[in-house]
Amino acid sequence: MRVLLLNGSRRKNGCTYTALQEVAGVLNKEGIETEIVHAVPDKAVVAEAAEKLKEADGVIIGSPVYWASPSGEMVTFMDMLSAVGGNYLRHKPASAIASARRAGTSATLDVLYKYLAYHESLIVSSNYWNMVHGNTPDEVRQDAEGLQIMQVLGTNMVWALRCVEAGKKAGVEVPQTPQKIYTNFIR
């Protein structure tokens, strides 16, 4: 099994990366392969990420908090990824994480989760909101509660992946997605 982790930070090895590494460590210990992709809104990077998402069994998207929202880079990346590979999110265990110095994490998670919910992902949670706090990677490593949240998220992702795998082996079919109906109230 394989989980793709998308790092939507301007800082490739910053706080968001540190949190994603914590989740990846738990997944790796359980025999699940991981790859952290620096999610920059470049057509070639997005196309490559879409192909990796197609093959992945699960996904975790992460962003720092900028102005009480995900980074502009992450929003643009997810908009682009949704256009070319959003269908690859369908029925996959998925989650989102936020990294902040202080506040804005709940609003950031709300935006990120909407990408996953729209594409019918199976949302995986932890034992609190999926966030870490710190202004540097070293400060994030001191956030004992945040690190535990990332570890529990990793453990829950392992469980969800194994449940999906067991369901497939038992013959449980993935629900068919009907053609989307769009309602427009403007006449």
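About the criteria used
- Residues numbered from 1 in each chain as written.
- Predicted model: local features only at pLDDT ≥ 70, side-chain atom pairs only at ≥ 80, totals over all residues.
- Heavy atoms only, no water.
- Salt bridge = Lys/Arg side-chain N within 4 Å of Asp/Glu carboxyl O.
- Helix = DSSP H or I, 4+ residues; strand = E, 2+ residues; numbered from the N terminus.
- Buried < 20%, exposed > 50% of the residue type's maximum accessible area, 1.4 Å probe, protein only.
- Contact = heavy atoms within 4.5 Å.
- Phe/Tyr/Trp six-rings, centres within 6.5 Å; stacked < 30°, edge-to-face > 60°.
- Lys NZ or Arg CZ within 6 Å of the ring centre and 35° of its normal.
- Axes fitted to C-alpha atoms, helices over the stretch in contact; angles between N-to-C directions.
- Parallel < 35°, antiparallel > 145°, perpendicular 65-115°, else oblique.
- Left-handed = near helix turned anticlockwise from the far one by under 90°.
- UniProt positions renumbered as here; feature names shortened; annotations may be inferred.

By the naming in an unreviewed UniProt entry, the chain is Flavin reductase, taken from Megasphaera micronuciformis F0359.

(A) Structural context of the pattern of salt bridges. One pass over the structure, following the stated rule, counts 9 salt bridges. The closest approach of N and O atoms between Arg10 and Glu73, which form a salt bridge, is 2.6 Å. Of this pair, Arg10 sits in the loop between β1 (2–7) and α1 (15–29) while Glu73 sits in helix α3 (residues 72–85), placing them 63 residues apart in sequence. Residue classification places Glu73 among the partly exposed positions, given a relative accessible area of 22%. Between Lys52 and Glu35 there is a salt bridge, with its nearest N and O atoms 2.4 Å apart. Here Lys52, found in helix α2 (residues 43–55), pairs with Glu35, found in strand β2 (residues 33–38); they are 17 residues apart in sequence, far enough to count as distant. One salt-bridge network, in which partners are shared between bridges, spans Arg2, Glu33, Glu35, Glu48 and Lys52.

(B) Quick look at the side chain of Ser63. Along the chain, Ser63 turns up in strand β3 (residues 58–66). Looking at Ser63, the relative accessible area reads 0%, which means it is buried. If we ignore the near neighbours within four places in the chain, the residues touching Ser63 are Gly8, Thr16, Pro70, Ser71, Met74, Ile97, Ala98, Ser99, Thr108 and Leu112.

(C) Expanded view of the environment of Asp79. Within the fold, Asp79 resides in helix α3. Exposure remark for Asp79: the relative accessible area of 44% places this residue in the partly exposed category. Distance in space between the C-alpha atoms of Asp79 and Tyr118 is 12 Å, their sequence separation being 39 residues.

(D) Structural context of the packing of aromatic side chains. This model, assessed by the stated rule, comprises 1 aromatic pair. When the ring centre of Tyr182 is taken as reference, the NZ or CZ atom of Lys180 above it lies at 5.7 Å.

(E) Main features of the packing of α2 against α3. The interhelical angle for the contact between α2 and α3, taken along N-to-C directions, is 55°, at an axis separation of 9 Å. Considering the angle they form, α2 stands oblique to α3. Handedness of the α2/α3 crossing: right-handed. Within the contact between the two elements, α2 uses Lys43, Val45, Val46, Ala49, Ala50 and Leu53 and α3 uses Phe77, Met80, Leu81, Val84 and Gly85.

(F) Structural view of the UniProt feature "domain: NADPH-dependent FMN reductase-like" (unreviewed entry) in the chain. Residues annotated by UniProt as "domain: NADPH-dependent FMN reductase-like" (unreviewed entry) correspond here to residues 1–134. In the segment residues 1–134, helix accounts for 42% and strand for 27%; the C-alpha atoms at its two ends are 31 Å apart.

(G) Here's a closer look at the environment of Met74. Mapping Met74 onto the fold places it in helix α3. Placed 25 residues apart in sequence, Met74 and Ser99 show a C-alpha to C-alpha distance of 13 Å. Apart from the residues lying within four places of it in its own chain, the contact partners of Met74 are Leu6, Gly8, Ala39, Ile61, Gly62, Ser63 and Leu112.

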